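Chain by chain, the residues run as shown.
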Amino acid sequence: MMAKARVAVLISGRGSNMAALLYAAKAHSCPYEIVLVAANDPAAPGLVLAAAEGIATFGQSHKGLKRAEFDSIIDAQLRAAGADYVALAGYMRLLSPEFVRAWEGRMLNIHPSLLPKYKGLDTHQRAIDAGDSHAGCSVHIVTAELDDGPVLAQTPVAILPGDSADSLAARILIAEHQLYSRTLAAFVTREQQPEWMLNRVREIALALPQADEVISHGMPCFGIEKGKKFAWFTRDHHGDGVVALLVKTTAPDEQATLIEADPDRYYRPAYFGDDWVGIRLDRGANDWDHIGDRLRASWRQVAPKKLLGLMDIADQF
Ligand code: GRF
């Protein structure tokens, strides 16, 4: 099993979502662990629970400190704890732009509404007043705007006749507790998902001049428009369980050299011959800079001379 992702949770009070994340993390198969629970209130009840569960805690009031100043204290704590990700769970502080930038793409929040509806406070009453059939909760990536940023997952919760804000909130909270840990687990393992890898390959490949994507032999395949192919993405082809990228090599003996140097990662793709090489993507710790270089080198092998000339000119700038 891969090393667990290290998650820090920021709370302001009760911390029931933090507790849900923490208990889910006790499962052997959970891909994350909680390394720190921090609060902007040293008396936050959630800190007591986390400490009792053997988790490192940090509590300090933000009072009297400038927003950026306080955030940099929290940031230092997150780094000292070795956190890879931050989960906001009822953290009632607006974040400074510096802090958001520092954790960009690695910080999630849970919000008790079906975003983009009802950002901010008082969400339950607003959903009831609007006569909505459902309220719910959302987990999203944190960006500079409050309760904005890409939504990763949502759970709709039916509004019952006679629901008050409190009765609705209590039911949504049950949904929150399940949604958050599941979504966090999927998020920290997303780079191991074939779909994520394909999208990454696609982004790099289609950024190359005159590149296009087709399906070839049942696999996503990248080539020069009306020209030769420079990459195949293989995912469990004929049930082999392998996720890999096939690219053209750049020298006659390169395939053998690569396989010899790293036989765990490189292989000779069946039916492709000696001037292609397979790069396994399912062995963990993928070096995407290197994979990008390989894709571009492969493209160069098949690109028409005229396009290559244009690329070289562009490279000089
Ligand atoms: C939750 O409803 C959460 O969605 C919102 O604040 C509440 C925090 O509750 N952001 P808890 O501290 O997790 O119990």
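Rules of the game
Residues numbered from 1 in each chain as written. Predicted model: local features only at pLDDT ≥ 70, side-chain atom pairs only at ≥ 80, totals over all residues. Heavy atoms only, no water. UniProt positions renumbered as here; feature names shortened; annotations may be inferred. Buried < 20%, exposed > 50% of the residue type's maximum accessible area, 1.4 Å probe, protein only. Helix = DSSP H or I, 4+ residues; strand = E, 2+ residues; numbered from the N terminus. Pairing = 2+ DSSP bridges. Expected span 1.5 Å × (residues − 1). Arc of directions from axis to C-beta. Contact = heavy atoms within 4.5 Å. Near = heavy atom within 4 Å. Polar contact = N/O pair within 3.5 Å; in protein donor to acceptor, adjacent residues only side chain to side chain. Areas by Shrake-Rupley, 256 points an atom, 1.4 Å probe, with all protein chains shown as cover.

Under an unreviewed UniProt entry, the name given to the protein chain is Phosphoribosylglycinamide formyltransferase, and the source organism is Sphingobium lactosutens DS20. What UniProt states about the protein chain under its Function (unreviewed entry) heading is, verbatim, "Catalyzes the transfer of a formyl group from 10-formyltetrahydrofolate to 5-phospho-ribosyl-glycinamide (GAR), producing 5-phospho-ribosyl-N-formylglycinamide (FGAR) and tetrahydrofolate." One UniProt comment on the protein chain, placed under Catalytic activity (unreviewed entry), says "N(1)-(5-phospho-beta-D-ribosyl)glycinamide + (6R)-10-formyltetrahydrofolate = N(2)-formyl-N(1)-(5-phospho-beta-D-ribosyl)glycinamide + (6S)-5,6,7,8-tetrahydrofolate + H(+)".

Draft legend 1. Seen up close, the pairing of strand S10 (residues 229–235). The buried fraction of S10 is high, at 5 of 7 residues. With 3 bridges joining them, strand S9 (residues 219–224) and S10 adopt antiparallel strand pairing. When the bridges of S10 are listed, glycine 223 appears paired with lysine 229. Counting the residues in the hairpin turn of S9 and S10 gives 4 residues, including lysine 226, whose phi is positive at 55°. Note: S10 against strand S11 (residues 243–248), 5 bridges, orientation antiparallel. Along S11, the bridge assignment pairs arginine 235 with valine 243.

Draft legend 2. Region of the structure containing helix H3 (residues 67–80). When the terminal C-alpha atoms of H3 are compared, their 20 Å separation across 14 residues agrees well with the 20 Å that a helix rising 1.5 Å per residue should span. Looking only at H3, the buried set comprises Phe70, Asp71, Ile74, Asp75 and Leu78. Along the axis of H3, the buried positions cluster into a sector of 145°, meaning they face one direction only. Those residues of H3 that are buried lie in contact with strand S1 (5–11), strand S2 (32–39), strand S3 (57–59), strand S4 (85–88) and helix H4 (97–102). Two residues or fewer after H3 comes glycine 82, characterised by a positive phi angle close to 70°.

Draft legend 3. Examining the UniProt feature "binding site: N(1)-(5-phospho-beta-D-ribosyl)glycinamide" (unreviewed entry) in the protein chain more closely. Per the UniProt entry, the sites bearing "binding site: N(1)-(5-phospho-beta-D-ribosyl)glycinamide" (unreviewed entry) are Gly15, Ser16 and Asn17 in this numbering. Positionally, glycine 15 belongs in the loop between S1 and helix H1 (16–24). Looking at the element boundaries, serine 16 is found in helix H1. Its relative accessible area of 18% is what places serine 16 among the buried residues.

Draft legend 4. Just the site of the ligand, in detail. For the ligand, the full set of nearby residues is Arg14, Gly15, Ser16, Asn17, Gly90, Ile110, Pro112 and Glu176. Between the ligand and arginine 14, the relevant distance is 2.6 Å, taken from an oxygen atom to a side-chain nitrogen or oxygen of the residue. Contact distances for the ligand include 2.6 Å between an oxygen atom and a side-chain N or O atom of glutamate 176. Against a free-state accessible area of 360 Å², the protein chains account for coverage of 84% of the ligand.

Draft legend 5. Representation of the environment of aspartate 275. Its place among the elements puts aspartate 275 in the loop between strand S12 (266–267) and strand S13 (276–280). Separated by 208 residues in the primary sequence, aspartate 275 and arginine 67 have C-alpha atoms spaced 57 Å apart. In this view, aspartate 275 contacts Val247, Lys248 and Thr249; residues no more than four positions away in its chain are not counted.

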